[in-house]
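Each chain is listed here by its residues.
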Amino acid sequence: MPNRFPARTLSGLAFAAVLGLSACAKTPVPSVPAQPGKSISEAHEAVRICGPRAPAGGKNAVTGSYIGGVLWGGLIIGPAIIAANEHHIRANGERRAIDKCLEEQGYTRREMTPEEIKFLNALYGYQRQIFLDHLVTGGTLAGFKQEYDVQ
């Protein structure tokens, strides 16, 4: 009895499943570039310097994905799957490019906890800047509340 599903079809289906799952990946949480001894204004300047690298990083990620899509999913299925996920792929490529640039300057991405996001969203003006400054230097919400006697 002949094989009804050739290996190429199975590899294309596997590729589609992997890309489908990657499209369902969670949205990145808010984060700050962290480096002990740096301030929020220094981190802001570092992000401003790294910003121009984002478009090239996104474009490279999309281009690489289309090439990989053709290799793994064929000329029709691969590019179709990539096209459906292009925005997500581009955004991740841009994020990685900025992260790489910040790492070259000694920063790491510090993802904020849900409690920190809620606390930050309740702050305004100078209080917000002080809290972000605290996070950039590597601090935590608990440490901030203790240091500034906040409830």
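The rules behind the values
Residues numbered from 1 in each chain as written. Predicted model: local features only at pLDDT ≥ 70, side-chain atom pairs only at ≥ 80, totals over all residues. Heavy atoms only, no water. Salt bridge = Lys/Arg side-chain N within 4 Å of Asp/Glu carboxyl O. Helix = DSSP H or I, 4+ residues; strand = E, 2+ residues; numbered from the N terminus. Buried < 20%, exposed > 50% of the residue type's maximum accessible area, 1.4 Å probe, protein only. pLDDT = per-residue confidence, 0-100. Contact = heavy atoms within 4.5 Å.

A short note on the pattern of salt bridges
Right, on to step 1. A full pass over the atoms with the stated rule returns 5 salt bridges.
Right, on to step 2. Put simply, glutamate 104 and arginine 53 hold a salt bridge, and the shortest N to O gap is 3.0 Å. Linking glutamate 104 in helix α4 (residues 86-104) with arginine 53 in the loop between α2 (40-50) and α3 (54-84), this pair joins segments that are 51 residues apart in sequence.
Right, on to step 3. Among the residues examined, arginine 53 registers a relative accessible area of 39% and is labelled partly exposed.
Right, on to step 4. Arginine 110 is the partner of glutamate 116 in a salt bridge, and the nearest nitrogen-oxygen pair spans 2.6 Å.
Right, on to step 5. The exposure class of glutamate 116 is buried, given its relative accessible area of 3%.

Remarks on the confidence of the model for the chain
Right, on to step 1. Put simply, the chain has an average pLDDT of 85, and 83% of its residues get 70 or more.
Right, on to step 2. When pLDDT is averaged over each element of the chain, α4 comes out on top at 96 and helix α1 (residues 7-23) at the bottom at 45.
Right, on to step 3. Overall, residues 5-24 carries pLDDT values under 50, and its contacts beyond four positions in sequence, including any with other chains, amount to 21 contacts.

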